[in-house]
Amino acid sequence: MDRTPLVEMSGISVAFGPVQALASVDLRLHPGEVHALMGENGAGKSTLIKALTGVHTVDAGEIRVHGEPAAFGGPAAAQAAGISTVYQEVNLCPNLTVAENLLLGREPRRMGRIDWRGMRRRAVEVLGTLHLDLDPSSALGAHPIAMQQLVAIARAVEVDARVLVLDEPTSSLDADEVAELFRVIRRLRDSGVAILFVSHFIEQVFEISDRMTVLRNGRLVGEYRTAELSRMQLVSAMVGRELEVLERLDRAPAEPAADDQPAVLAASGLGRRGAVEPVDLAVRAGEVVGLAGLLGSGRTELARLLFGADHADSGEITVAGRSVRIRSPRAAIDAGIAFSSEDRKAEGVVGDLSVRANIVLAMQASRGWMRRIPRRRQYELARRWIELLDIRPADPDALLGNLSGGNQQKVLLARWLIMQPRLLILDEPTRGIDVGAKAQIQSLVAEQARQGTAVVFISAELDEVVRLSDRVLVLRDRRAVAELAGEDVAVDRVMELIATGGGTRA
Ligand SMILES: Nc1ncnc2c1ncn2[C@@H]1O[C@H](COP(=O)(O)OP(=O)(O)OP(=O)(O)O)[C@@H](O)[C@H]1O
Ligand SMILES: [Mg+2]
């Protein structure tokens, strides 16, 4: 490894009003290493990255690149100096094509005009290096978020990056896609690129990183060699205490619902061409049904049909035994169904509203905007859920857009929990959430079920699907291939079905 760091940040401090997001933090990146930046939600990881790329100006400290003092005016200037960043949320234009998104602002030109053929050719090349099988002329928004994320990464690699910063690049990827991404990361590392990697997936961090820097509450805890650190040591460094919460994850089984009770929701032959083939699914009160499958297997698509976000073109739904037509999310909400979407940016959070306004949003919408929830009640609800979910900062008036990604996710969850729905559909509710908070959210979901809510739980992390679910519907290639119950609800079994499809559906 080269002795001089490629990037050296020292004594970096950044404050947002009264919030000291970073206090005298150091970070050193060497060429040819994968460096993980670790910390709980709100620890300051994204802020440190934005300080590096000039999105935030620093109150104190120094940044050196190649040994020379550097202060970038923004991501474009940083990128010109070889520092490319892919942020936590996909920041591309969904209505432009894949090729345009890849090459936006640096389109190949011929005699002053955009060379569309050259652009297509270049796009195919770039996608090829990442083994992405995408039509460059398709609209970016037509692809799942995971794909969009990979396109964002491809865009970052396309320039001649010396430093590649990835802020939670894998939170929406499946195992295969992560493996693909890691192959690319290793290739870049071996060619001398320094990679700064942020992730809440402990196993991934141990797999890919050479060194780690751990932050806690805006302060540097330490820099470690991955090989010399145990998982428990890492987690303790992140949370600053031993993690008892991790050990009491085991879920007390819910009271089995009486079989003669009609299901809270039952779908038969529910499907939509091109999205998901007809599926039968029933969820009873107090029961958690997991949907497992790779990205694109139809799990999100099925959830969207249940919620009326997309229209089914076959099948029937009954709610508490009565046949209903769910033509819109509004109708679903009226029927007592709540849906927390995986795409928090497009469908979820409203960044320029307060935490309080975001928490009461769905409740207000379902009462109608003419019947305002009294302010006192709004604050009561917000304070209660801020405490229950440990949302930080614990300020109902904070602007949501200023919260860290994981804390935004918690606010979104609170929005649906206050509705006390009969059926709660959660699509990737713990994505981007740190280990401690993940455990909190999982026990919260279990608690909701214990109190009688029917839950549909979707996650790319099979561990948590299996831990929480009474039954698991396994989807593969847009088809339900099996429904597991009892002892069959096990990671190995689910994995095998995802891989092979197994036999026919039981
Ligand atoms: N623009 C902003 N205005 C005000 N406060 C901010 C702003 N950006 C970040 N913060 C605050 O700074 C702290 C650090 O946030 P940051 O986004 O860096 O956390 P993070 O480590 O990336 O967390 P996560 O894992 O949830 O993404 C948090 O308390 C956050 O609320
Ligand atoms: Mg962040």
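Above this text is the structure in question.
Residues numbered from 1 in each chain as written. Chains lettered and ligands numbered in written order. Predicted model: local features only at pLDDT ≥ 70, side-chain atom pairs only at ≥ 80, totals over all residues. Heavy atoms only, no water.

Asks: Explain the overall build of the protein chain to me, and be specific about the residues and the numbers.
Replies: When you go through the protein chain residue by residue, the secondary structure sums to 17 helices and 22 strands. Here the C-alpha atoms of the protein chain give a radius of gyration of 23 Å, agreeing with the 23 Å that 2.2 N^0.38 yields for 506 residues. Based on the C-alpha atoms only, the size of the protein chain along its principal axes is roughly 75 × 55 × 50 Å. The proportion of buried residues among the 506 residues of the protein chain is 55%. In the protein chain, the proportion of contacts linking residues at least 24 apart, taken out of those at least 6 apart, comes to 66%. Carbon and sulfur atoms make up 49% of the accessible area of the protein chain, which totals about 22,400 Å². Of the side-chain charges in the protein chain, 61 are positive and 67 negative, and the distance between the mean point of each set is 5 Å. (Helix = DSSP H or I, 4+ residues; strand = E, 2+ residues; numbered from the N terminus. Rg over C-alpha atoms; globule rule 2.2 N^0.38 Å. Buried < 20%, exposed > 50% of the residue type's maximum accessible area, 1.4 Å probe, protein only. Contact = heavy atoms within 4.5 Å. Areas by Shrake-Rupley, 256 points an atom, 1.4 Å probe, with all protein chains shown as cover. Lys, Arg positive; Asp, Glu negative; His and termini not counted. Charge placed at Lys NZ, Arg CZ, Asp CG, Glu CD.)

Asks: Before we move on, could you go through the pattern of salt bridges and cite the residues and values that matter?
Replies: Applying the stated rule across the entire model yields 27 salt bridges. Glu-33 serves as the salt-bridge partner of Arg-211, at 2.8 Å between the closest nitrogen and oxygen. Of this pair, Arg-211 sits in strand E11 (residues 211–216) while Glu-33 sits in the loop between strand E2 (19–29) and strand E3 (34–38), and the two are 178 residues apart along the sequence. A residue is classified by how much of its surface remains accessible, and Arg-211, at 6% relative accessible area, is buried. On the basis of relative accessible area, Glu-33 is assigned to the buried category, the value being 0%. Between Glu-496 and Arg-493 there is a salt bridge, with its nearest N and O atoms 3.4 Å apart. A residue pair is termed a helical-turn pair when its members lie 3 or 4 positions apart in one helix, as Glu-496 and Arg-493 do in helix H17 (residues 491–500) at 3 residues. Under the relative-accessibility criterion, Glu-496 is labelled partly exposed at 45%. Each of Arg-28, Glu-33, Arg-211 and Glu-223 takes part in a single network of salt bridges with overlapping partners. (Salt bridge = Lys/Arg side-chain N within 4 Å of Asp/Glu carboxyl O.)

Asks: Requested: an account of the pairing of strand E21 (residues 471–476), with residues and values cited.
Replies: Most of E21 sits inside the fold, with 5 of its 6 residues counted as buried. Sheet analysis places E21 next to strand E22 (residues 479–485), joined by 6 bridges and oriented antiparallel. What sits directly across from Leu-473, in E22, is Glu-483. Here E21 hands over to E22 after 2 residues, with Asp-477 in that stretch at a positive phi of 45 degrees. (Pairing = 2+ DSSP bridges.)

Asks: Can you lay out the packing of aromatic side chains for me, pointing to particular residues and giving the numbers?
Replies: This model, assessed by the stated rule, comprises 3 aromatic pairs. On the basis of an interplanar angle of 45 degrees and a centroid distance of 5.2 Å, the ring pair of Phe-307 and Phe-339 is categorised as tilted. Here Phe-339 lies in strand E18 (residues 337–340) and Phe-307 lies in the loop between helix H9 (299–306) and strand E16 (314–319), a separation of 32 residues in the sequence. Phe-339 carries the same exposure label as Phe-307, and that label is buried. (Phe/Tyr/Trp six-rings, centres within 6.5 Å; stacked < 30°, edge-to-face > 60°.)

Asks: Which residues make up the sheet that holds strand E13 (residues 265–272), and what values do they have?
Replies: Either a parallel or an antiparallel arrangement is found when strands of a sheet pair, and the pairing is made through backbone hydrogen bonds. Here we have 4 strands laid out as an open sheet, ordered E14-E13-E16-E17, and antiparallel in their pairing. Because the sheet does not close on itself, it has two edges, and the strands there are strand E14 (276–283) and strand E17 (322–324). In this sheet, adjacent strand axes meet at a mean angle of 25 degrees when their direction is disregarded. Sheet topology places E13 next to E14; 5 bridges connect them, and they run antiparallel. Residue pairing in the sheet places Ala-267 in a bridge with Leu-281 of E14. The sheet strands contacting H9 are E13, E14 and E16, and the helix crosses E13 at an angle near 120 degrees. (Axes fitted to C-alpha atoms, helices over the stretch in contact; angles between N-to-C directions.)

Asks: Describe the environment of Val-163, naming the residues involved and giving the relevant values.
Replies: On the secondary structure map, Val-163 appears in strand E9 (residues 163–167). Each C-alpha atom of the pair Val-163 and Ala-81 lies 9.1 Å from the other, and the pair is 82 residues apart in sequence. With sequence-adjacent residues up to four places away left out, Val-163 is seen in contact with Leu-6, Val-7, Leu-29, Gly-82, Ile-83, Ser-84, Val-193 and Ala-194.

Asks: I'd like a rundown of unusual backbone geometry, residues and numbers included.
Replies: In this chain, Arg-392 is followed by Pro-393 through a cis amide linkage whose omega measures 0 degrees. Counting through the fold element by element, Pro-393 comes out in the loop between helix H13 (375–389) and helix H14 (405–417). Look at Asn-217: it is not a glycine, yet its phi comes out positive at around 50 degrees. The class for Asn-217 is exposed, based on a relative accessible area of 59%.

Asks: Got a sec to walk through the pairing of E16? Specific residues and values, please.
Replies: As defined by bridge partners, E13 adjoins E16 across 5 bridges and the pair is classed as antiparallel. When the bridges of E16 are listed, Ala-267 appears paired with Ile-317. Looking at chain direction, E16 and E17 are connected through 3 bridges and run antiparallel. Within E17, the position partnered with Thr-318 by the bridge is Ser-323.

Asks: Pulling in residues and values, what's your account of the site of ligand 1?
Replies: In the vicinity of ligand 1 there are 20 residues, among which Gly-42, Lys-45, Ser-46, Thr-47 and Ser-404 approach most closely. A distance of 3.2 Å is found between an oxygen atom of ligand 1 and a backbone nitrogen or oxygen belonging to Ala-43. Interatomic distance of 3.4 Å between a backbone N/O atom of Gly-405 and an oxygen atom of ligand 1. In the complex, 85% of the free accessible area of ligand 1, which totals 640 Å², lies under the protein chains. Sorting the residues of the shell around ligand 1 by element identifies E2, helix H1 (45–52) and H14 as the ones contributing at least two each. No other element matches H1, which puts 3 residues into the shell around ligand 1. (Near = heavy atom within 4 Å. Polar contact = N/O pair within 3.5 Å; in protein donor to acceptor, adjacent residues only side chain to side chain.)

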